[in-house]
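Per-entry structural report
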Protein chains: 2
Amino acid sequence: MISVMIVDDDPFVSGSLKIILDNETDIEVKAVAGSGEEAVKLASSVDPDVIVMDIRMEGMNGTEAAEQIIKNGSKAAILFLTTFLDDEYINKALKIGAKGYIIKQDCGSLPSSVRAVASGQAVFGGKVVEKLPDLLNRKDNFDPAEFDITGKELEVIKLVADGLSNKEISEKMFLGEGTVRNMVSSILTKLDLRDRTQLACFYYQKMV
Amino acid sequence: MISVMIVDDDPFVSGSLKIILDNETDIEVKAVAGSGEEAVKLASSVDPDVIVMDIRMEGMNGTEAAEQIIKNGSKAAILFLTTFLDDEYINKALKIGAKGYIIKQDCGSLPSSVRAVASGQAVFGGKVVEKLPDLLNRKDNFDPAEFDITGKELEVIKLVADGLSNKEISEKMFLGEGTVRNMVSSILTKLDLRDRTQLACFYYQKMV
DNA sequence: CTTCGAAAATGACATATGTCATTTACAAAA
DNA sequence: TTTTGTAAATGACATATGTCATTTTCGAAG
């Protein structure tokens, strides 16, 4: 018998989910939480096999709650539900170690997803997989403003990360070579880097 | 009722899988193929909901067969089985549009995986997900041997792509700075690049 | 018009880098 | 043992790079 905890801040949704899952003979909904905070508390007392959790909630959201629950030592497999494609979250969900990420819309497949997750597999909604390659590549959003990087400097960064020399950059941007040199220097200072190679590394690791 | 086709060049394996799946009341094994070629033929005549297929087979391998089957217009969800972690294939499997990639070892979870896949979800073996971020980012184009790049040189490349100077690299590898300089020079020649920055770019674009 | 400030440019300098010819070290092969 | 081949090191050199102080340009604000 698979024991499940449902977490959703919309009572209608959590109710529906409960009905769907309780209808299965091999699945038992042991608890229903209405918030991330409640989920954290219940998780340790109920200790379910699977946690079906909405990822977007008021207050503590799904990933935060999951992080806490895992930190508390729960062995539960966490299955995230999302209304549509909340791109932003999937990356974090994977990092945390979630075992599933599926779309609320097709709740018909929920029971089989729960079983698959309970048996150690990871499940992703059909559409999610297709986007996976792109989503995973996404870096932590680099905000040029935060480092006082101007538009022109951003352009220089890209050209450096393309392997161009100062001279080549100057020709491409219609500037003097010395100017480019100064710009690179200023960029390096702002980003606390040492040389253009480190700048290229920074670009590929944090920006692209 | 979910109709399934099994593909594996090892009769013992395909037999076992058939027994496991036929044991489920809602799953029916409609066909068993012993090779990729046979799978392609059978797929169009049997038209199963799910194809459970070994990825590593003699002759036409799993991904090739899958590619052909999909091209032939089958709507079957394809679930790849792999003996261990065949890293190389998962990338291709995802590109093709496979719906699952799980480890043969835990065949106990196979039925639930089949159901999940049949209902439109995508399933990955537990260990696979953890490696997913790395695997997806891998660019499979670069072969060090093709460019005569030795192991030590490969190490240097990585350190350059980490933003280290020749001096820092030399300390890390217990070599003279001049030696590192020569190695970098030789690498640049082999890869037809101009400077270390281009090398870093190459690394991030073609290798990592 | 003048003033002001940012962007662009210049020149000088120290250092890092890449290339090349040559030498040394050392282990495998003869 | 000698020979040989390769990795490692050295030294010399030209060039690219990064930093800094200073100057020029030029458009907007006064």
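Position numbers for residues start from 1 in each chain and track the written sequence from start to end. Chain labels run from A onward and ligand labels from 1 onward, assigned in the order the entries are written. Since the coordinates come from a predicted model, pLDDT governs what is reported: local features require at least 70, and pairs of side-chain atoms require 80 or more to be given and counted, while whole-chain, interface and lining totals use all residues. With hydrogens and water stripped out, all remaining heavy atoms of the structure feed into the side-chain values.

**What about the confidence of the model for chain A?**
In plain terms, the rule: For every residue, the predictor reports its confidence as pLDDT, a number between 0 and 100. Secondary structure elements follow DSSP: runs of H or I no shorter than four residues count as helices, runs of E no shorter than two count as strands, and numbering proceeds from the N terminus.
Mean pLDDT over chain A: 88, with 93% of residues reaching 70 or higher. Highest mean pLDDT in chain A belongs to strand β1 (residues 2–7) of chain A (96); lowest belongs to helix α6 (residues 126–137) of chain A (69).

**Examining the relation of the copies chain B and chain A**
Short version of the rule: Superposing copies: least-squares fit, C-alpha atoms only, residues required to have pLDDT of at least 70 in both. For this analysis, residues touch if any pair of their heavy atoms sits within 4.5 Å.
The transformation that overlays chain B on chain A combines an axial shift of 1.3 Å with a rotation of 179°, and the residual RMSD is 2.9 Å. Interpreted geometrically, this transformation is the action of a two-fold axis. A share of 100% of interface residues in chain B that are also interface residues in chain A marks the association as one of identical surfaces.

**Overview of the protein's contact with DNA strand D**
What counts here: For each residue, the test is whether any non-hydrogen atom lies within 4 Å of the molecule or strand; if one does, the residue is near. Polar contact is the term for a pair of N or O atoms within 3.5 Å; when the atoms are in protein, one must be able to donate a hydrogen and the other to accept it, and sequence-neighboring residues count only if both atoms are side-chain atoms.
Among the 14 residues in the neighbourhood of DNA strand D, the closest are listed as Arg181, Ser185 and Arg196 of chain A together with Gly176 and Thr179 of chain B. Across the atoms of DNA strand D situated within 4 Å of the protein, the share located in sugar and phosphate is 49%. Contact between DNA strand D and arginine 181 of chain A: a base oxygen at 2.7 Å from a side-chain N or O atom of the residue. Between glycine 176 of chain B and DNA strand D, the recorded distance is 2.7 Å, taken from a backbone N or O atom to a phosphate oxygen. If you list the elements that add at least two residues to the surface near DNA strand D, you get α9 (177–191) of chain A together with α9 (177–191) of chain B.

**As for unusual backbone geometry**
The condition that has to hold: A simple rule labels every residue: compare its accessible area, found with a 1.4 Å probe on the protein chains alone, to the largest value its type can have, and call it buried under 20%, exposed over 50%, or partly exposed in between.
With a phi close to 60°, aspartate 148 of chain A is a non-glycine residue in the positive phi region. Turning to its location among the elements, aspartate 148 of chain A is positioned in the loop between α6 and α7 (151–160). The exposure class assigned to aspartate 148 of chain A is exposed, which follows from its relative accessible area of 58%. In the Ramachandran plot, phenylalanine 174 of chain B falls in the positive-phi region, its phi being about 55° despite a non-glycine side chain. The residue phenylalanine 174 of chain B is located in the loop between α8 (166–173) and α9 in this model.

**Quick notes on the environment of valine 32 of chain B**
Residue and element names in this part refer to chain B. Along the chain, valine 32 turns up in strand β2 (residues 27–33). Judged by relative accessible area, valine 32 falls into the partly exposed class, the value being 35%. Separated by 20 residues in sequence, valine 32 and valine 52 have C-alpha atoms that sit 9.5 Å apart. Setting aside anything within four residues of it in sequence, one finds valine 32 in contact with Ile6, Ser14, Lys18, Glu38 and Leu42.

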